[in-house]
Amino acid sequence: MNTRRASTKAPPPTTYREALREALREALHDERVFLMGEDVGRYGGCFGVSLGLLEEFGPDRIRDTPLSESAFVGAGIGAALGGMRPVVEIMTVNFSLLALDQILNNAATLLHMSGGQLSVPVVIRMTTGAGRQLGAQHSHSLEGWYAHIPGIRVLAPATLDDARHMLAAALADPDPVLIFEHGSLYNAAGVLDPTIEAVDLDSAAVRRPGKDVSVITYGGSLSKAMAAADILSGDGISAEVLDLRALRPLDDATVMESVGRTHRAVVVDEAWRSGSLAAEISARITEQVFYELDAPVQRVCSAEVPIPYARQLEEAALPQPASIVDAVRLAVS
Amino acid sequence: MSTTTARTDERARPAARKGTRKKASTTTAHRATASDHRLSLLRQMLVIRRFEERCVELYSSTKIRGFVHLYIGEEAVAVGVNEALRQEDAVVSTYREHGHALARGVPADAVMAEMYGKVTGCSRGHGGSMHLFDADRRFYGGNAIVAGGLPLAAGLALADRMRGGTRVTCCFFGDGAFAEGEFHETANLAALWRLPLLLVCENNLYAMGTSLAREHAQTNLAMRASSYGMPAWTVDGMDVLAVEAAALQAAESIRAGNGPHFLEAQTYRFRAHSMYDPDRYRAKSEIEQWKERDPLQGLADRMRSEGQLEDRTMEQLEQDVLDVIERAVRSAEDAPAEPVADLLRYVTSEPGNTP
Ligand SMILES: Cc1ncc(C[n+]2csc(CCOP(=O)(O)OP(=O)(O)O)c2C)c(N)n1
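Presented here is an overview of the structure given in this document. Here the structure is a predicted model, which means the values were calculated and not measured.

## Side note on the overall build of chain B
Part 1: A count of helical and extended segments in chain B gives 14 helices and seven strands.
Part 2: In terms of overall size, chain B behaves like a compact globule, its C-alpha atoms giving a radius of gyration of 20 Å where 355 residues would be expected to give roughly 20 Å.
Part 3: The dimensions of chain B, computed from C-alpha atoms along their principal axes, are 55 × 50 × 45 Å.
Part 4: Across the 355 residues that make up chain B, the buried fraction comes to 59%.
Part 5: Within chain B, residue pairs in contact and separated by at least 24 positions form 76% of the contacts whose partners lie at least 6 positions apart.
Part 6: The distance from the centre of the 43 positive side-chain charges to the centre of the 48 negative ones in chain B is 3 Å.

Below, the structure written as structure tokens:
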């Protein structure tokens, strides 16, 4: 009776933000783990992710840094070399450019340049993406640039479960891991799957099975792709939605298996089309399953402008369910 | 040109600073120890000097390639500072790091083999002259990005601080690096968090071809560093004993929990910036003037005048060091090349390579 009641009672709803916080709280039980970044402590994190952790773990472990992206990201890399497991938070990917040298020239290369002697087990989290009318300098999606770099792992948790579980897996990786959290997801609410206790960082996930077309996306665009799939099913088009989850290394196997079945592919990526991750995925599909394709690969990306402020302009600049629907129709026509 | 000469003249030797070591050597027992110690300093500087002179030959005969930045003239800094460090301490260096690596105890064989791109190199041939590493000796590079090592060093110091203990991280960088934001971000962070960090600025008066006065609005580097709230002073970088005394004082203070310290070593590179540099931006006379203050010659002269060095000893030392270098060259020549089959290794960690 009791067991039955427990299993039927819905688990409490949670938000993406809370899932990330819970992941951090769990990780901080390892004494080597600490969180460092601008306003992660007293302020509670500029997106509220670390709210309350300062009180729980103290200022040594929840470490407010000065505004100095290069120094504190580099310090995270150095601390990782020194035996710690730092989690470094950068407010947004736009500001991470001030630390790009440390990420690219140190974190990603030290293992190689040292002939395998120095691994860098640092985790760097940051926000990415548009949709909140913040203007160009707070709205760009540059995770594809980072996915260009050998020597780092790039993750994009799009679901509550990934937000909850990717951090532990990232911390278990002896190499640098970058986690991109889409800014529009923090308030996303839902229920964590109690059967999931761990995630692997190597596999893309089929979020919605389908047979007519593979819609390949990640991060903040996943919900838009799912919405598009709903609309399309009304027209009798069965879209399979793939969530890449890891942007580097890319899980080619899952993508090719899906495209091999549906024979059509649409890639949705909030970054600019030119030189994007969408371009990379499209190229790989052409390289690997060209003869399975019944139509050219379609891409839905952001317009090639700095992301504008005005709501109507911003919406027009970004991939939307409607633009995904259009691209799918083109692919299946 | 006159600006540079004037600046050179400004460099009076900081006399008072190193008095202690000299006073300590008044008894015969102390003198014997002091003489052994000085001989060891001389030997270390000589190893660096001869190693690099050999590199020039090997570069000319295309045995080694890439950018090669020589440290000749600056040996007293690496050797003096390293004397103040312990095995458990960490060192972060630049692309001009042969001297730092050798002073830190990275074997000449491993450094030379790295220049050759051999599997026995201290970075298995993946790094080259500018990327020497030795994890066991806590030698963390080898960084070709000017000032790129500074934040790393702060992080190593932070890790040591958080894990308890009194380890020091020493970071070498140049006067050019001092102009980069990363120096200032790191100085602020390190002073704010009182990190056990020894910042050693090797002021050789030039960032490639740009002289100090043409790269800094305020050329008093120690004064600027002290504005971050850390002890900062200047030392004669051509005098290994002065460098050692200053570094010891700083390291002790850091170990006592007094946060980061800044040491500016005023030094000079006798050679061009790199093997590619035709060295057109400074007068021959300036170089000659500085060569009169050769740190090896300086120490040897001083030891001779104090009866601590005989010609025979010096000849023996020269021979020993040449043997070390020749052995390094021979073993590098004989070592297998890092196989091309290993091209994609060490991009990400291999199973079992987890720290
Ligand atoms: C970020 C960066 N900018 C420019 C360079 C090119 N560069 C290599 S060495 C150097 C001069 C650096 O001078 P300094 O820091 O004084 O060191 P020194 O070479 O005198 O030892 C420059 C500009 C570089 N390697 N990295």
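## Let's talk about the nonpolar core
Part 1: If you look at the biggest cluster of nonpolar residues, it comprises 94 residues, and the most contacted ones within it are A:Ile285, B:Phe173 and B:Phe262.
Part 2: No other element matches the nine residues that helix 7 (residues 149–162) of chain B contributes to this core.
Part 3: Discounting residues that sit within four places of it in the chain, B:Phe262 has contacts with B:Phe173, B:Phe178, B:Phe183, B:Leu199, B:Cys201, B:Leu221, B:Ala222, B:Ala225, B:Met230, B:Pro231, B:Ala232 and B:Trp233.
Part 4: By size, the runner-up hydrophobic cluster in this structure holds 68 residues, among which are B:Leu46, B:Ala108, B:Ala246 and B:Ile325.

## Here we look at the packing of aromatic side chains
Part 1: Under the criterion given, the structure shown has 14 aromatic pairs over all chains.
Part 2: For the pair A:Phe290 and A:Tyr291, a centre-to-centre distance of 5.3 Å together with 80° between the ring planes defines the contact as edge-to-face.
Part 3: The class for A:Phe290 is partly exposed, based on a relative accessible area of 46%.
Part 4: The interplanar angle of 85° and the centroid separation of 5.8 Å between the aromatic rings of B:Phe178 and B:Phe262 together place this pair among those described as edge-to-face. Linking B:Phe178 in the loop between strand 2 (169–174) and helix 8 (181–192) with B:Phe262 in strand 7 (residues 261–266), this pair joins segments that are 84 residues apart in sequence.
Part 5: With relative accessibility at 1%, the residue B:Phe262 sits in the buried group.
Part 6: What links up through ring pairs into an aromatic cluster is the set B:Phe173, B:Phe178, B:Phe183 and B:Phe262.
Part 7: Over the face of the ring belonging to B:Tyr59 we find B:Arg65, whose NZ or CZ atom lies 4.6 Å from the ring centre.

## Let's talk about a nonpolar patch on the surface
Part 1: Judged by side-chain polarity, A:Leu97, A:Leu98 and A:Trp145 come together as a nonpolar surface patch covering roughly 320 Å² of accessible area.
Part 2: Relative to the helices and strands, A:Trp145 resides in helix 8 (residues 143–147).

## Regarding the pairing of strand 3 (residues 197–203) of chain B
Residues and elements named next belong to chain B.
Part 1: Counting buried residues in strand 3 gives seven out of seven residues, a clear majority hidden from the surface.
Part 2: The alternating pattern of strand 3 places Leu 197, Leu 199, Cys 201 and Asn 203 on one face and Leu 198, Val 200 and Glu 202 on the opposite face, and all of these are buried.
Part 3: Here strand 2 pairs with strand 3 via six bridges, running parallel. When the sheet's bridge partners are listed, Cys 170 is paired in strand 3 with Leu 198.
Part 4: Of the crossover connections in this fold, the one passing from strand 2 over helix 8 to the parallel strand 3 is right-handed.
Part 5: By the bridge criterion, six bridges tie strand 3 to strand 7 in an arrangement that is parallel. Bridging across to strand 7, Glu 202 finds its partner in Ala 265.

## What to know about the sheet that holds strand 3 of chain B
All names here are of chain B.
Part 1: The five strands lie next to each other as 1-2-3-7-6, forming an open sheet whose pairing is parallel. This sheet does not close on itself; its edge strands, each paired only once, are strand 1 (90–92) and strand 6 (232–236). In this sheet, adjacent strand axes meet at a mean angle of 20° when their direction is disregarded.
Part 2: Bridge analysis of strand 1 against strand 2 gives three bridges, and the strand direction is parallel. Looking across to strand 2, one finds that Val 91 is bridged to Cys 170.
Part 3: Across the sheet, helix 7 lies against strand 1, strand 2 and strand 3, angled at about 170° from strand 2, the strand it touches most.

## Things to note about the site of the ligand
All names here are of chain B.
Part 1: Residues in contact with the ligand amount to 15 residues; listed here are only the nearest, Tyr 95, Arg 96, Ala 144, Gly 176 and Asn 204.
Part 2: Within the contact set of the ligand, an oxygen atom lies 2.7 Å away from a side-chain nitrogen or oxygen of Arg 96.
Part 3: Taking Asn 204, its side chain carries an N or O atom lying 2.8 Å from an oxygen atom of the ligand.
Part 4: A total of 580 Å² of accessible area belongs to the ligand in isolation, and the protein chains cover 74% of it.

## Comments concerning the sheet that holds strand 2 (residues 33–37) of chain A
Residue and element names in this part refer to chain A.
Part 1: Read across the sheet, seven strands follow the order 3-2-4-5-7-6-12 without closing on themselves; strand pairing throughout is mixed. Sheet topology places strand 3 (62–64) and strand 12 (246–248) at the edges, where each strand pairs with a single neighbour. The average angle at which neighbouring strand axes cross in this sheet is 20°, direction not considered.
Part 2: By the bridge criterion, five bridges tie strand 4 (residues 85–92) to strand 5 (residues 123–128) in an arrangement that is parallel. The residue of strand 5 that forms the bridge with Val 88 is Ile 124.

## Overview of the side chain of A:Ser139
Residues and elements named next belong to chain A.
Part 1: One can find Ser 139 in the loop between strand 5 and helix 8.
Part 2: A residue is classified by how much of its surface remains accessible, and Ser 139, at 2% relative accessible area, is buried.
Part 3: One polar contact links the side chain of Ser 139 to the main-chain carbonyl oxygen of Gly 135, over a distance of 2.6 Å.
Part 4: If we skip the residues at most four places from it in the chain, Ser 139 touches Asn 94, Gly 129, Ala 130, Leu 134, Ile 307 and Glu 314.

Rules used in this analysis
- Residue numbers run consecutively from 1 along every chain, following the written order of its sequence.
- Here chains are named by letter from A upward and ligands by number from 1 upward, in the order in which they appear as written.
- Side-chain atom pairs in this predicted model are given and counted only at pLDDT of 80 or more, local residue features only at pLDDT of at least 70, and totals for whole chains, interfaces and linings cover all residues.
- To obtain the side-chain values, all non-hydrogen atoms of the structure were used and water was disregarded.
- Only DSSP runs of H or I covering at least 4 residues are called helices, and only runs of E covering at least 2 are called strands; the numbering of each starts at the N terminus.
- Here the globule rule is a power law, 2.2 Å times the number of residues to the power 0.38, and the radius of gyration is based on C-alpha atoms.
- Buried residues are those whose accessible area, probed at 1.4 Å on protein chains only, stays under 20% of the maximum for their type, while exposed residues exceed 50% and partly exposed ones sit between those limits.
- Any two residues having at least one pair of non-hydrogen atoms within 4.5 Å are treated as being in contact.
- Positive residues here are Lys and Arg, negative ones are Asp and Glu, while His and the chain termini are left out of the count.
- Each charge is placed at NZ for Lys, CZ for Arg, CG for Asp and CD for Glu.
- What is meant by a nonpolar core is a set of buried Ala, Val, Leu, Ile, Met, Phe, Trp, Tyr and Cys residues, joined one to another through side-chain atoms within 4.5 Å.
- By convention, a stacked pair of Phe, Tyr or Trp rings (six-membered ring in the case of Trp) has centres within 6.5 Å and planes under 30 degrees apart, an edge-to-face pair has planes over 60 apart, and any other such pair is tilted.
- Two conditions define a charge located above a ring, namely a distance within 6 Å from the ring centre to NZ of Lys or CZ of Arg, and an angle within 35 degrees of the ring normal.
- Exposure above 30% relative accessible area and no salt bridge define the residues that can form patches, which grow by joining like charges within 9 Å and nonpolar side chains of Val, Leu, Ile, Met, Phe, Trp and Tyr within 5 Å.
- In this description, accessible areas are obtained by the Shrake-Rupley approach with a 1.4 Å probe, and a residue is regarded as covered only by the protein chains that are shown.
- In the sections that follow, a salt bridge refers to a side-chain nitrogen of Lys or Arg positioned within 4 Å of a carboxyl oxygen of Asp or Glu.
- Strands pair, by our definition, only if DSSP identifies at least two bridges between them.
- Convention used here: a crossover is right-handed provided that the path from the first strand, over the helix, to the second strand proceeds clockwise when the strands point away from the viewer.
- For every element, the axis is a line fit to its C-alpha atoms; helices are fit only across the contacting stretch, and the angle between N-to-C directions ranges from 0 to 180 degrees.
- The nearness test applies per residue and asks whether one of its heavy atoms lies within 4 Å of the molecule or strand.
- In the analysis that follows, any N or O atom pair within 3.5 Å is treated as a polar contact, provided that within protein one partner can donate a hydrogen and the other can accept it, and provided that, for residues neighboring in sequence, both atoms belong to side chains.

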